[in-house]
Amino acid sequence: MRDLLKKHFGHDEFRPLQEEVINSILQRCDTLVIMPTGGGKSLCYQLPALCLDGLTLVVSPLIALMKDQVDALKSNGIAAEFINSSLTYAEIGRVQEQARQGNLKILYLAPERLTLPDFREFLGTLEVSLVAIDEAHCISEWGHDFRPDYRALGRLRHGMPAVPFIALTATATDRVREDILAQLGLKQPQQFIASFDRPNLRYEVRPKERAFDQLVQLLRERKGESVIIYCFARKDTEELVDKLLDESIDALAYHAGMDAETRRRNQERFIRDEVDIIAATIAFGMGIDKPDVRLVVHQELPKSLEAYYQQTGRAGRDGLPSDCVLFYSYGDKVKQDFFIDRMESVTEKHNAQRKLRQVIDYCQLRKCRRRYLLEYFGEESIAQGTGETESESCGGCDVCLAEREEFDATIIAQKVMSAVIRTGERFGAGYIAQVLRGSAAERVLRLGHDNLSVYGIVDDFSDADVREVCGMLLDKGMLYKNSEEYATLGVSEEGRTFLKNRERIVLSRRKKQKPEQARALTSGRSRESIEHDPALFERLRALRRRIASDDGVPPYVVFGDATLQQMAHYFPQNLNSLSHISGVGAVKLKQYGDKFLAVICEYARENNLKDRTEPVRNSRSMHTDGSHSNGRVYTYESTKLLIEQGFSIRQAARERGLSVNTIVAHIEMLVRRGEALDLVPLLPGNHRLECIQGAFEKVGYTRLAPVKELLGDEYSYEEIRLARAYVRQQNSYQSMDG
Ligand code: ADP
Ligand code: ZN
């Protein structure tokens, strides 16, 4: 199977659960697969289709995708076709003939075909060895996307009792899952439910201040890469596009109010990499399968976390690091409330309020966003079985990645709690902030709260900061929530004691970054983007674009970004080397190999680069003089080389024009990767090292802040992080010995 995987799909490894699912099918079991978007569901039936004798039928409601999917299969040398309403009568006839003669391995069908008696008769004449039901949740009325045509699948199942069925979906609650099994009449189905963690996605929420400037900066950082920006209303998409054009940033709008032709054309141009940025309402995305979207921005609050997960899920389907940035302001909630308030049905209204509340909670979160999302989808822990604990950084959300600082919060905490008490413990954090900051809001005046002694006594904290302090006091148990729905606050026993005894309190908050400094961090948690030569990568992308446009297919059908990045890392210079690159299967090697080799060889000649296909990472062709010579960036490698040459952290930082923090982060990453870097010269003296180690032993190795708290100001985060990296390294050596 691995050979088939390499030969036909060009991949070297299976993604989680793929192999198990394929085995289940090959044993002719009915199978249910729940896998997040981008998890690699298609392969689960495409690969068995090659092993099995007859034809595999694939039922999918996403007509717009069928052609691309079939093109992708054909480009891998797999005989595939589709039948849906976009074909003419004659074309359908031709495909049917091919199927009847046994010349097809995979046939995609739109569900409405199954309701036509003639068509069912035609299916009866075929030797079908497998039926795959994509987007299987569409069969259930409990799901979010019920399609009545899917009901015809029950009958199809009946007519083919001996053929294994595989049902696949990215979203299914338990109820929907049960419904799928029942409606399809699956027999003793094997069920595979994959984790919803998307480790290559980095989640970030940013305060919506100077949001447009921030956006422009994000887009400049992601120049040349595909970006989706979700907006609230149709006109917002068009206004945004105009504003971006003023900044010479090319973008297209997409919303349900456009005529179908414009919509189709804009989507097409995005898929074909002719335009990088699309500003869209949520209408956009269902029909797109672009694997290399590197950034999804939400300009407005999503309606629910399900929606958010689904929309952000469109980033990084190819597994490469990608970002999801949400701009949040409390005012946006008010905007949504306006629409919710106009809902007629009371249950619907409550439901919408609850969903929105969860989104707000997500935005205001002071703990890991990834873990919160996963818990929301019913996953206990992000890293089951790996021993990661609750407090371990996920390494891929702004909360976990943020630098934190401690501050004396005694005064502000006293003020907040007094305000909560004086206003009768009937208000939420937003209102408390208004009172403390002396707002002239109508409600404050109406309730006479401008007469309270706490009115207007805070001017060194912004509204958002006060709300944040409220959140921290909630976390500490000094405040509590009176009601989930409106999030009104009360002061707990503990809080009252604190006030009475005039205790001191130190809280930890994120270090503030000015918006113009707030940079997107570019690496996700795992499946690291390989360090590659960006200039060559660009040339390869240009070649890919040319080929794609000649062949009339989307560029990713030729090769994915991950494959091009590998080429720009290993510089393969003959067909054999090229065939080792992940994503290069036998058919594509033959079809495109020479063209790509020509570009790589030329570039290698110009820059005197050797074929590095033997994955020796400390290649001598690497630059030792820092990161930016000749436009090449080998971030980690460069840091590694400098450290190996005996540079101190500070020297390395100066040499590379990076911050000390970044260098330390590189070292941590290198150690995580298992690089045998000699850290001893970088460590603090023995005594300090022991103290740090002692502190870690006491509070655990997962979080830095408590250790810092224990050690006090005399110790820097830098030392602490290095010491931890050192301990990790020693432990990994030990476990290798053992
Ligand atoms: P889904 O249907 O679950 O959303 P797809 O089947 O479209 O996901 O696969 C998403 C991406 O992952 C595609 O670009 C595909 O080529 C890639 N992919 C699938 N399986 C593998 C694998 N074993 N190794 C590498 N890439 C894979
Ligand atoms: Zn996190």
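See above for the structure.
Residues numbered from 1 in each chain as written. Chains lettered and ligands numbered in written order. Predicted model: local features only at pLDDT ≥ 70, side-chain atom pairs only at ≥ 80, totals over all residues. Heavy atoms only, no water.

**Student:** Go over the nonpolar core, please, and point to the residues and values.
**Tutor:** Membership of the largest hydrophobic core comes to 136 residues, with the highest contact counts inside it found for Leu-123, Ile-133, Ile-166, Met-567 and Phe-596. In contact with Phe-596, not counting residues within four places along its chain, are Leu-540, Leu-543, Arg-544, Ile-547, Val-558, Phe-559, Leu-564 and Met-567. Of all hydrophobic cores here, the second largest spans 31 residues; its members include Phe-407, Met-417, Ala-433 and Leu-489. (Core = buried A, V, L, I, M, F, W, Y, C linked by side-chain atoms within 4.5 Å. Buried < 20%, exposed > 50% of the residue type's maximum accessible area, 1.4 Å probe, protein only. Contact = heavy atoms within 4.5 Å.)

**Student:** Provide a residue-level description of unusual backbone geometry, including the pertinent values.
**Tutor:** At Arg-28, a position not held by glycine, the phi torsion is positive, near 60°. The residue Arg-28 is located in the loop between α2 (18-26) and β1 (31-34) in this model. Given the relative accessible area of 48%, Arg-28 is considered partly exposed. Non-glycine residue Ser-248 carries a positive phi angle of around 60°. Looking at the element boundaries, Ser-248 is found in the loop between α10 (234-246) and β10 (251-254). (Helix = DSSP H or I, 4+ residues; strand = E, 2+ residues; numbered from the N terminus.)

**Student:** Give a description of the coordination of the zinc ion (ligand 2) that names residues and reports values.
**Tutor:** Taken together, the protein donors to the zinc ion (ligand 2) comprise Cys-368 (SG), Cys-394 (SG), Cys-397 (SG) and Cys-400 (SG), at separations of 2.3 to 2.4 Å. Read N to C, the donor residues that coordinate the zinc ion (ligand 2) are spaced as C-x25-C-x2-C-x2-C. (Donors = N, O, S within 2.8 Å, 3.2 Å for Na, K, Ca; no water.)

**Student:** Give me a negative patch on the surface: which residues, what numbers.
**Tutor:** Taken together, Glu-238, Glu-239, Asp-242 and Asp-246 make up a surface patch of like negative charges. With respect to the helices, strands and loops of the structure, Glu-238 is situated in helix α10. In this structure Glu-238 comes out as partly exposed when scored by relative accessible area, which is 38%. (Patch = residues over 30% accessible without salt bridge, like charges linked within 9 Å, V, L, I, M, F, W, Y side chains within 5 Å. Areas by Shrake-Rupley, 256 points an atom, 1.4 Å probe, with all protein chains shown as cover. Salt bridge = Lys/Arg side-chain N within 4 Å of Asp/Glu carboxyl O. Lys, Arg positive; Asp, Glu negative; His and termini not counted. Charge placed at Lys NZ, Arg CZ, Asp CG, Glu CD.)

**Student:** Outline the sheet that holds strand β4 (residues 106-109), listing residues and values.
**Tutor:** For sheets, the rule is that strands pair by backbone hydrogen bonds, running either parallel or antiparallel. One open sheet accounts for seven strands, arranged β3-β4-β2-β5-β6-β1-β7; its pairing is parallel. The outermost strands of the open sheet, each flanked by one partner alone, are β3 (80-83) and β7 (190-193). Pairs of neighbouring strands in the sheet enclose a mean axial angle of 15°, with direction left out of account. Sheet contacts for helix α3 (residues 41-51): β2 (55-59), β4, β5 (128-133) and β6 (165-169); angle to β6, the most-contacted strand, approximately 160°. (Pairing = 2+ DSSP bridges. Axes fitted to C-alpha atoms, helices over the stretch in contact; angles between N-to-C directions.)

**Student:** How would you sum up the packing of aromatic side chains? Please name residues and give values.
**Tutor:** If you walk through the whole model with that rule in mind, you get ten aromatic pairs. Aromatic pair Phe-119 and Phe-122: ring centres 5.3 Å apart, planes at 55°, arrangement tilted. Of this pair, Phe-119 and Phe-122 both sit in helix α6 (residues 117-124), three residues apart, which is roughly one turn of the helix. For the pair shown, Phe-119 and Phe-122 are each scored as buried. A ring pair is formed by Phe-338 and Phe-339, whose centres lie 5.5 Å apart and whose planes are at 85°; its orientation type is edge-to-face. Assessed through its relative accessible area of 40%, Phe-339 is described here as partly exposed. Cluster of aromatic residues (ring-pair linked, three or more members): Phe-232, Phe-338 and Phe-339. (Phe/Tyr/Trp six-rings, centres within 6.5 Å; stacked < 30°, edge-to-face > 60°.)

**Student:** Describe in detail helix α17 (residues 410-422), supporting the description with residues and values.
**Tutor:** If you check α17, its first and last C-alpha atoms are 18 Å apart, about what 13 residues at 1.5 Å a residue would give, namely 18 Å. Among the residues of α17, Thr-410, Ile-412, Ala-413, Val-416, Met-417, Ala-419 and Val-420 are the ones counted as buried. Where α17 is buried, its residues contact β14 (404-408), α18 (429-436), α20 (463-475), β15 (479-483), β16 (488-491) and α21 (493-501). Once α17 ends, the next one or two residues include Gly-424, with phi positive near 85°. (Expected span 1.5 Å × (residues − 1).)

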